[in-house]
Amino acid sequence: RTEPEPHRPQLHYTPAKNWMNDPNGLVWHDGEYHLFYQYNPEGDGWGNMSWGHAVSTDLLHWQELDVALPADDAEFVFSGCVVVDEHNTAGFGDFALVAVYTSSYPGTGIQAQSLAYSTDRGRTWTKYAGNPVLDIGSGEFRDPKVFWHEPDGHWVMAVVEALARKVVLYGSENLKSWTRLSDFGPAGATGGAWEVPDLFPLPVDGDPQNTKWVLTVSLNPGGVAGGSGTQYFIGDFDGVTFTADNLTSGSQDCSWVDYGRDFYAAVSWNNVPGGERIWIGWMNNWADAAHVPTAPWRGAQSLPRTLALRSLGGAIRLVQQPVKAVRTLRCGAASTLRDHEVGPGRTTLPVRGAVLEIAAEFELGTAERFGLTVRGGTAGEGTLVGYDTRSGELFVDRSSSGATGFSPGFAGRHGGPLPAVRGRTRFTAYIDRSSVEVFGDRGQTVVTDLIFPAPASQGLGLFAEGGTVTLRSLEVWHLS
Ligand code: FRU
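Residues numbered from 1 in each chain as written. Predicted model: local features only at pLDDT ≥ 70, side-chain atom pairs only at ≥ 80, totals over all residues. Heavy atoms only, no water.

K.L.:
Hey, could you go over the overall build of the protein for me, with residue numbers and the actual values?
P.N.:
Helix and strand counts for the protein stand at 0 helices and 34 strands. Relative to the 2.2 N^0.38 estimate, which gives 23 Å for 480 residues, the radius of gyration of the protein is 22 Å and therefore close to what a compact globule would have. Taking all 480 residues of the protein together, the buried fraction comes to 58%. When the accessible surface of the protein is summed, it comes to about 17700 Å², and 48% of that surface belongs to carbon and sulfur atoms. If you average the places of the 36 positive and of the 53 negative side-chain charges in the protein, the two averages end up 7 Å apart. (Helix = DSSP H or I, 4+ residues; strand = E, 2+ residues; numbered from the N terminus. Rg over C-alpha atoms; globule rule 2.2 N^0.38 Å. Buried < 20%, exposed > 50% of the residue type's maximum accessible area, 1.4 Å probe, protein only. Areas by Shrake-Rupley, 256 points an atom, 1.4 Å probe, with all protein chains shown as cover. Lys, Arg positive; Asp, Glu negative; His and termini not counted. Charge placed at Lys NZ, Arg CZ, Asp CG, Glu CD.)

K.L.:
Before we move on, can you summarise the pairing of strand 12 (residues 179–184) with the specific residues and values?
P.N.:
Two elements, strand 11 (residues 166–172) and strand 12, share 5 bridges in a ladder whose sense is antiparallel. Directly across from G171, in strand 12, lies its bridge partner T179. In this structure, the hairpin formed by strand 11 and strand 12 is closed by a connection of 6 residues, where L175 is found at a positive phi of approximately 70°. (Pairing = 2+ DSSP bridges.)

K.L.:
I'd like to hear about the packing of aromatic side chains, residue by residue, with values.
P.N.:
Summed over the entire model, instances satisfying the criterion amount to 32 aromatic pairs. Counting every residue linked through ring pairs, the aromatic cluster contains Y13, Y33, Y37, Y39, W62 and W269. When the ring centre of F263 is taken as reference, the NZ or CZ atom of R305 above it lies at 4.0 Å. Sitting over the ring of W477, R330 keeps its end group 3.8 Å from the ring centre. (Phe/Tyr/Trp six-rings, centres within 6.5 Å; stacked < 30°, edge-to-face > 60°. Lys NZ or Arg CZ within 6 Å of the ring centre and 35° of its normal.)

K.L.:
Outline the site of the ligand, listing residues and values.
P.N.:
Surrounding the ligand, one finds N21, D22, Q38, W46, F78, S79, R142, D143, E195, V196, Y264 and W286. W46 is positioned with one of its side-chain polar atoms (N or O) 2.9 Å from an oxygen atom of the ligand. D143 is positioned with one of its side-chain polar atoms (N or O) 2.6 Å from an oxygen atom of the ligand. Burial of the ligand by the surrounding chains reaches 96%, relative to a free accessible area of 320 Å². Tallied by class, residues from the shell around the ligand come to 5 nonpolar, 3 polar and 4 charged. (Near = heavy atom within 4 Å. Polar contact = N/O pair within 3.5 Å; in protein donor to acceptor, adjacent residues only side chain to side chain. Nonpolar A, V, L, I, M, F, W, Y, C, P; charged D, E, K, R; others polar.)

K.L.:
Can you break down the pattern of salt bridges residue by residue, with the values?
P.N.:
Per the stated rule, a full pass over the model turns up 30 salt bridges. In this structure, D258 engages R305 in a salt bridge whose closest nitrogen and oxygen atoms are separated by 3.1 Å. Here R305 lies in strand 21 (residues 305–312) and D258 lies in the loop between strand 17 (255–256) and strand 18 (264–268), a separation of 47 residues in the sequence. For the residue pair D258 and R305, the accessibility class agrees, reading buried in each case. Here the salt bridges do not stand alone but share partners, grouping D339, E361, E363, R424 and R472 into one network. (Salt bridge = Lys/Arg side-chain N within 4 Å of Asp/Glu carboxyl O.)

K.L.:
Can you tell me about the side chain of Q231, naming the residues and giving the values?
P.N.:
With respect to the element layout, Q231 can be found in strand 15 (residues 229–237). On the basis of relative accessibility, which here comes to 0%, the residue Q231 falls in the buried class. For Q231, the side chain forms a polar contact with the main-chain nitrogen of A189, separated by 2.9 Å. Q231 has contacts with A187, G188, A189, W194, L215, T216, V217, L219, C254, S255, W256 and V257, leaving out every residue within four places of it along the chain. (Contact = heavy atoms within 4.5 Å.)

K.L.:
Hey, could you go over the sheet that holds strand 11 for me, with residue numbers and the actual values?
P.N.:
Here 4 strands make up an open sheet; going across it, the order is 9-10-11-12 and the pairing antiparallel. Only two strands of the sheet have a single neighbouring strand rather than two, namely strand 9 (141–149) and strand 12. Geometrically, the sheet is characterised by an average inter-axis angle of 25° between neighbouring strands, direction not taken into account. (Axes fitted to C-alpha atoms, helices over the stretch in contact; angles between N-to-C directions.)

K.L.:
So what about the environment of D58? Which residues, and what values?
P.N.:
Tracing the backbone through its elements, the reader meets D58 in the loop between strand 3 (50–56) and strand 4 (63–69). In sequence terms D58 and V326 are 268 residues apart; their C-alpha atoms lie 9.2 Å from each other. Beyond its immediate sequence surroundings of up to four residues, D58 is in contact with Y33 and A325. At a separation of 2.8 Å, a polar atom in the side chain of D58 contacts the main-chain amide nitrogen of L60. Within the structure, the side chain of D58 is placed 2.7 Å from the side chain of H61, a separation counted as a polar contact.

K.L.:
So what about the nonpolar core? Which residues, and what values?
P.N.:
With 54 residues, the main nonpolar core has F233, F242, I358 and F362 as its most contacted residues. Filtering out sequence-adjacent residues up to four positions away, F242 remains in contact with L169, S182, F184, L199, W213, L215, F233, I234, G235, D236 and F237. Counting residues in hydrophobic clusters, the runner-up holds 38 residues, among them L35, V196, A265 and I280. (Core = buried A, V, L, I, M, F, W, Y, C linked by side-chain atoms within 4.5 Å.)

K.L.:
Describe the confidence of the model for the protein, listing the residues and the values that go with them.
P.N.:
Taken over all residues, the pLDDT of the protein has a mean of 97, while the share at 70 or more is 99%. Under the prediction, the complex receives an ipTM of 0.98, its pTM being 0.97. (pLDDT = per-residue confidence, 0-100.)

K.L.:
Mind laying out the sheet that holds strand 3, listing which residues take part and the relevant values?
P.N.:
Here we have 5 strands laid out as an open sheet, ordered 4-3-2-1-20, and mixed in their pairing. The sheet is open, and its two edges are formed by strand 4 and strand 20 (297–298), each paired on a single side.

K.L.:
I'd like to hear about the environment of V446, residue by residue, with values.
P.N.:
Mapped onto the elements of the fold, V446 is located in strand 32 (residues 445–450). As for V446 and D258, which are separated by 188 residues in sequence, their C-alpha atoms are 4.9 Å apart. For V446, the residues in contact, after removing those within four places along its chain, are V257, D258, Y259, G260, R305, Q320, V438 and F439.

K.L.:
Outline the environment of F395, listing residues and values.
P.N.:
With respect to the helices and strands, the residue F395 is situated in strand 28 (residues 393–397). F395 sits 51 residues away from V446 along the chain, and the two C-alpha atoms are 9.0 Å apart. Each residue touching F395, except ones within four places of it in the same chain, is listed here: R369, L384, V385, G386, Y387, D388, R413, H414, G415 and F463.

K.L.:
Mind laying out the side chain of S435, listing which residues take part and the relevant values?
P.N.:
Relative to the assigned elements, S435 resides in strand 31 (residues 435–440). In this structure S435 comes out as buried when scored by relative accessible area, which is 1%. If we ignore the near neighbours within four places in the chain, the residues touching S435 are H12, M283, Y430, D449, L450 and I451.

K.L.:
Give a description of unusual backbone geometry that names residues and reports values.
P.N.:
The omega torsion across N131 and P132 is -10°, close enough to zero to call that bond cis. As for its position among the elements, P132 is in the loop between strand 8 (126–127) and strand 9. With omega at -10°, the peptide bond leading from N220 into P221 counts as cis. Mapping P221 onto the fold places it in the loop between strand 14 (207–220) and strand 15.

Put into structure tokens, the structure is as follows:
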């Protein structure tokens with residue numbers, strides 16, 4: 001039997017058909033996580049931008065619903081957010097869901113911020129008759145993320161002036177009239193248009209007395225792995241102004257959320273019970289997205305990830321781990337291997353699979369590079385998930401991962417710094433039918449890359465180059 005959709009992810013959200021890009025309107029409400037997303041109801045390329053919609057109770061099993069906010073001739077519905085208007089500040093009803101999105105008007109080229117609301121748990125939506133609610137006459141003004149700022153008792157919107165490389169903050173009492181508060185940028189990586197900002201507080205090392213604010217912003221191009229990517233700043237927010245602790249400039253010194261090529265436009269859920277900060281990103285890159293070899297769908301979201309701030313080597317860093325519920329997808333017990341010497345070359349393990357969780361810990365030896373080969377097949381097909389001791393980097397090398405020629409910059413190796421600790425390095429990789437997400441040392445360095453291997457390429461192995469390394473422990477689960 002040939003599988004009609006061999007690259008359809010099993011762990012990741014994809015619409016049944018057609019094009020998807022950014023996650024939008026992430027909100028928990030009345031027992032459901034909502035995932036809206038940039039969607040083309042008419043085809044598998046970008047266009048007719050509308051908000052597609054899915055709901056889940058566990059962030060892993062999604063039910064696709066009707067298109068929530070459709071495009072029309074006069075308006076494309078670009079990225080934005082949803083808030084729960086508990087106290088009816090906007091007048092659409094107590095606990096109304098209010099979408100704050102970018103209207104992109106093809107007729108004029110203007111981008112402005114608009115509202116839509118739902119009083120039936122997000123099933124049907126009404127665009128506000130007074131749209132747009134925030135228009136500065138710009139063609140590059142988009143992607144509002146709104147949250148309720150408790151200390152000041154008002155709404156705060158982070159939105160980009162994309163070509164100016166600015167995140168602009170606005171305040172409002174009622175979601176309808178907005179006052180400019182401050183702006184941030186240019187700073188950090190500025191090699192492309194700034195898009196899809198988010199701003200949220202997190203405790204440092206879990207200490208509720210020590211809260212810092214995180215500003216994330218995607219940019220296209222200018223990402224760390226080429227094409228689009230996502231950076232972050234850590235600092236303070238006083239209700240008006242975000243002030244970064246260490247202002248960097250240039251893509252070398254800035255902080256990247258993910259060192260792979262396929263994690264973009266990430267935004268976090270509003271209103272998660274218990275206050276956890278969970279986000280998801282479009283698992284793709286604007287440089288390749290139009291060409292990825294999938295049908296009848298095109299575009300997947302990443303695993304949902306829990307965010308935290310951790311002190312590491314004197315600095316505060318944003319760390320990410322897949323939501324704990326991912327463990328519920330494990331089938332049976334892990335296959336394990338301990339204290340195994342890996343010589344130069346490649347060896348095959350007795351475990352195979354296309355959808356796996358793999359936790360590995362290595363003790364560094366003389367090997368310059370070492371790690372795992374995943375989705376291995378014939379003729380040398382395989383993706384390397386490894387560590388480079390010379391550069392101190394965790395990396396994914398998808399040069400021989402299967403189909404790579406559909407987009408010029410697709411093949412290659414992507415990685416980020418991960419210091420070895422007491423001579424050891426560890427990471428957990430989530431392998432799906434068309435992706436690899438690697439979380440180094442409890443999520444301090446993350447690498448997300450798409451891959452398009454042959455369906456039969458399900459081999460798992462070990463490799464070492466230039467010497468030996470000791471695999472201290474390996475645990476492999478099949479995920480359902
Ligand atoms: C980011 C982005 C946003 C925009 C949307 C359009 O990927 O370009 O800035 O709102 O996609 O689909």
